[in-house]
Amino acid sequence: MAGRKLIDSSRQDEEPIYGKHYLPRKFKTAIAVPPANDVDIFANDLGFIAIAENEHLVGFNVTVGGGMSLTHGEPNTYPRLADVIGYCPKHKTLQVAEEILKIQRDFGDRTNRKHARLKYTIDDRGVDWFKFELNRRLGWQLGAPRKYKFEYSGDRYGWNKGVNDTWDYTVFIQNGRIADDDAPLMTGLREIAKVHDGDFRISPNQNLIIGKVNDHNKPIIESLLRQHRFIEPGQQSALRLNAMACVAFPTCSLAMAESERYLPTFLDKLEPILRRFGLENDSILLRMTGCPNGCARPFLGEIGLVGKAPGKYNLYLGAGFEGQRLNKLYRENINEEQILAELTPLLQHYADNRQAGERFGDFVIRTGYIEAMTEGRDFQR
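What this report covers is the structure whose coordinates are included nearby. All figures in this text were calculated on a predicted structure; none of them were measured in a lab.

### So, the overall build of the protein chain
Okay, step 1: Along the backbone of the protein chain there are 9 helices and 13 strands.
Okay, step 2: For the protein chain, the C-alpha radius of gyration of 23 Å lies close to 21 Å, the compact-globule estimate for 381 residues.
Okay, step 3: Expressed as a percentage of its 381 residues, the buried residues of the protein chain come to 50%.
Okay, step 4: Summing over all exposed atoms, the protein chain offers an accessible surface of approximately 18,900 Å²; the carbon and sulfur share of this is 48%.
Okay, step 5: If the 51 positive side-chain charges of the protein chain are averaged to one point and the 50 negative ones to another, these points end up 4 Å apart.

### Overview of the layout of surface pockets
Okay, step 1: Volume-wise, the largest pocket comes out at about 880 Å³.
Okay, step 2: Among the residues forming the lining of the largest pocket, the class breakdown is 20 nonpolar, 13 polar and 10 charged.
Okay, step 3: Taken as a whole, the second largest pocket spans an internal volume of roughly 640 Å³.
Okay, step 4: Taken together, 21 residues line the second largest pocket, and the ones lying closest to its centre are Val33, Ala36, Asp38, Arg156 and Arg201.
Okay, step 5: Those elements that place two or more of their residues in the lining of the second largest pocket are strand 5 (158-161), strand 6 (167-171) and strand 7 (199-202).
Okay, step 6: The residue makeup of the lining of the second largest pocket, split by class, is 10 nonpolar, 5 polar and 6 charged.

### Looking at the environment of Glu74
Okay, step 1: Considering the arrangement of structural elements, one finds Glu74 in the loop between strand 3 (56-64) and strand 4 (83-89).
Okay, step 2: Taking the relative accessible area as the measure of exposure, Glu74 reaches 32% and is therefore partly exposed.
Okay, step 3: For the pair Glu74 and Lys114, spaced 40 residues apart in the sequence, the C-alpha separation amounts to 9.9 Å.
Okay, step 4: Glu74 has contacts with Lys114 and Gln380, leaving out every residue within four places of it along the chain.

### Side note on the environment of His72
Okay, step 1: As for its position among the elements, His72 is in the loop between strand 3 and strand 4.
Okay, step 2: For His72, a relative accessible area of 17% gives the class buried.
Okay, step 3: For the pair His72 and Gly307, spaced 235 residues apart in sequence, the C-alpha separation works out to 9.9 Å.
Okay, step 4: Not counting chain neighbours up to four residues away, the residues in contact with His72 comprise Met256, Pro292, Val306, Gly307, Lys308, Asn314 and Gln380.

### Examining the pattern of salt bridges
Okay, step 1: Enumeration according to the criterion identifies 29 salt bridges in this entry.
Okay, step 2: Where Lys102 meets Glu99, a salt bridge forms, and the shortest distance between an N and an O atom there is 3.8 Å. On the criterion of helical spacing, the pair formed by Lys102 and Glu99 is a turn pair, its members being 3 residues apart in helix 1 (residues 93-107). Neither Lys102 nor Glu99 differs from the other in exposure class; each is buried.
Okay, step 3: In this structure, Glu133 engages Arg137 in a salt bridge whose closest nitrogen and oxygen atoms are separated by 2.7 Å.

### Side note on helix 3 (residues 127-138)
Helical geometry: 3.6 residues make up each α-helical turn, so side chains three or four residues apart lie on a common side.
Okay, step 1: Here helix 3 contains 12 residues, and its C-alpha end-to-end distance of 16 Å stays within 8% of the 16 Å for a straight helix at 1.5 Å per residue.
Okay, step 2: Regarding helix 3, the residues found buried are Phe130, Glu133, Leu134, Asn135 and Leu138.
Okay, step 3: Of the surrounding elements, those touching the buried residues of helix 3 are strand 3, strand 4, helix 1 and helix 2 (118-125).

### With respect to the sheet that holds strand 2 (residues 46-53)
Okay, step 1: Strand order in the open sheet formed by 4 strands is 1-2-3-4, with mixed pairing between adjacent strands. Pairing within the sheet leaves two strands with one partner each, and these edge strands are strand 1 (29-32) and strand 4. In this sheet, adjacent strand axes meet at a mean angle of 25° when their direction is disregarded.
Okay, step 2: Direction of pairing for strand 1 relative to strand 2: parallel, over a ladder of 4 bridges. Bridging across to strand 2, Ala32 finds its partner in Ile49.
Okay, step 3: Of the strands in this sheet, strand 2, strand 3 and strand 4 are in contact with helix 1, which crosses strand 2 at around 160°.

### Comments concerning the nonpolar core
Okay, step 1: Phe266, Leu270, Leu286, Leu317, Leu343, Leu347 and Phe360 are the most contacted members of the largest nonpolar core, which totals 33 residues.
Okay, step 2: At the level of secondary structure, the elements contributing two or more residues to this core comprise helix 7 (263-276), strand 10 (286-289), strand 11 (303-309), strand 12 (312-317), strand 13 (328-334), helix 8 (336-353) and helix 9 (360-366).
Okay, step 3: Non-local contacts of Leu270, meaning those with residues more than four positions away in its chain, are made with Leu239, Leu286, Leu340, Leu343 and Leu347.
Okay, step 4: Listed in part, the 22 residues of the second largest apolar core include Leu23, Leu101, Ile103 and Leu118.

### Some thoughts on the packing of aromatic side chains
What characterises a pair of aromatic rings is the spacing of the ring centres plus the angle enclosed by the ring planes.
Okay, step 1: This model, assessed by the stated rule, comprises 17 aromatic pairs.
Okay, step 2: For the pair Tyr262 and Tyr313, a centre-to-centre distance of 5.9 Å together with 20° between the ring planes defines the contact as stacked. Within this pair, whereas Tyr262 is found in the loop between strand 9 (244-245) and helix 7, its partner Tyr313 is found in strand 12, the two being separated by 51 residues in sequence. Each member of the pair, Tyr262 together with Tyr313, is buried.
Okay, step 3: Summarising the aromatic geometry, the rings of Phe299 and Phe379 are spaced 5.1 Å apart at their centres and angled 75° between planes, so their arrangement reads as edge-to-face.

### Let's talk about empty space enclosed by the protein
A probe as big as a water molecule, rolled over the atoms, marks out the empty space that is left.
Okay, step 1: Evaluated as defined, the whole model comprises 1 cavity of 30 Å³ or more.
Okay, step 2: Counted by class, the lining of the largest cavity contains 7 nonpolar, 5 polar and 2 charged residues.

### Things to note about the side chain of Lys218
Okay, step 1: Mapped onto the secondary structure, Lys218 falls in helix 5 (residues 218-227).
Okay, step 2: Glu222 is the oppositely charged side chain nearest to the buried, salt-bridge-free Lys218, at an N-O distance of 4.1 Å.
Okay, step 3: When neighbours within four sequence positions are excluded, Lys218 is seen to be in contact with Trp159, Trp167 and Val213.

Quick notes on the rules
- Here the residue index of a chain counts from 1 through its sequence in written order.
- Selection of residues for local features in this predicted model requires a pLDDT of at least 70, selection of side-chain atom pairs for listing and counting requires 80 or more, and totals for whole chains, interfaces and linings are taken over all residues.
- Derived side-chain values reflect all non-hydrogen atoms in the structure, with water molecules and hydrogen atoms excluded from consideration.
- A run of DSSP states H or I qualifies as a helix once it reaches four residues; a run of E qualifies as a strand once it reaches two. Both are numbered from the N-terminal end.
- We compute the radius of gyration from the C-alpha atoms alone; for a globule the expected value is 2.2 Å times N to the 0.38, where N is the number of residues.
- Accessibility here uses a 1.4 Å probe with only protein chains present; expressed as a share of the type maximum, an area under 20% marks a residue as buried, one over 50% as exposed, and anything in between as partly exposed.
- Each accessible area is a Shrake-Rupley estimate made with a 1.4 Å probe; only the visible protein chains count as cover when residues are assessed.
- Charge assignment in this entry is limited to Lys and Arg as positive and Asp and Glu as negative, and neither His nor the chain termini are counted.
- Every charge is mapped to an atom, namely NZ of Lys, CZ of Arg, CG of Asp or CD of Glu.
- Any residue with an atom within 4 Å of a point lines the site, the site being either a cavity, points on a 1 Å grid over the protein atoms alone where a 1.4 Å probe fits but cannot get out, or a pocket, an open set with protein on both sides within 12 Å along at least 5 of 7 lines.
- Grid points are joined across faces, edges and corners, and a volume is the space filled by probe spheres set on the points.
- In this count, Pro and Cys sit with the nonpolar residues alongside Ala, Val, Leu, Ile, Met, Phe, Trp and Tyr, while Asp, Glu, Lys and Arg are called charged and the others, Gly among them, polar.
- Only heavy atoms enter the contact rule, under which two residues are in contact if any of them lie within 4.5 Å.
- Salt bridges are defined as contacts in which a side-chain nitrogen from Lys or Arg sits within 4 Å of a carboxyl oxygen from Asp or Glu.
- By this rule, a helix spans an expected 1.5 Å times one less than how many residues it contains.
- Here a strand pair is declared whenever DSSP counts at least two bridges between the two strands.
- The convention used is that axes are lines fitted to C-alpha atoms, helices contributing only their stretch in contact, and that angles between N-to-C directions extend from 0 to 180 degrees.
- The criterion is simple. A nonpolar core is a set of buried Ala, Val, Leu, Ile, Met, Phe, Trp, Tyr and Cys residues joined through side-chain atoms within 4.5 Å.
- Centres within 6.5 Å are what make two rings of Phe, Tyr or Trp a pair, Trp counting through its six-membered ring; a difference in plane orientation under 30 degrees is then read as stacked, over 60 as edge-to-face, and the rest as tilted.

If you want it as structure tokens, here you go:
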């Protein structure tokens, strides 16, 4: 092997889809299986919503143009929900994905990094233009979107029936941080890995799925989870089980305020307010980030907190619980005391006057606290 040349520097390889230039920026793809929108499908550049008939997958509704990030004070940057542009049969899914990616490759903005996502490519030219261009490249037309229904956007904790007579166990991991801290979570997972012959999956909501557990290992893993004090879902408020934060300080150089390290403390102060009004078992989506780049999808939170400065956050309200609506700015650049003071009467009003089954995000819109945000381009205007 000594002196052998491993790479021919004269050879010019070209990626077959991206070509020489790759994509102008990141490109996120997700698949959702109703009734679960656990991937927040509308926050992704490209998405596929599974459509089944008689419990068999037949195809997908196609979504394009989602994205969360914005820049404070720059109204031409904004979060955007993806559009459902049509239906494709399952055997044509890869062709559709490839052609959508190529459209962004060919038309995405390569001069302005803040304007380089697919959402801006679509808004600059229009959804109708995008569908026409896609159908032209495909050589056939997408069908009309099929009916579907999302009922929730988070994870199902505990044991859930998997495939081929196996089980999946979804473990609540606060903010996705696995460490031997208050409980020996890292040690516990290492012990589980010694006996587990399935897989481990990180969920889109910062939790961990111990997947493909057979009947023999199920009681063994249950025992190890108890031994290492993994928190059972029933021991936490519904608010905490649905909350997410980005890493922020000290890891992220873009952070303007705390997030991951601060969210548990903030929840400790908000949960007593919920208990006072009998809301501790009500699922409310709360998302917190240290900056507006949207890594924990804060603009899809019924309560969204986005860092503006150390100890200061913008408070957003009114997103849809199923991930189908953005929230809207309610108060700007406020501290913890002010945030709690704003939320307390809102939560009391919600507890006393909500309609049957009404989510918090829907309630604040119906009662006039905030207007529904229907168009991303209006988000900062």
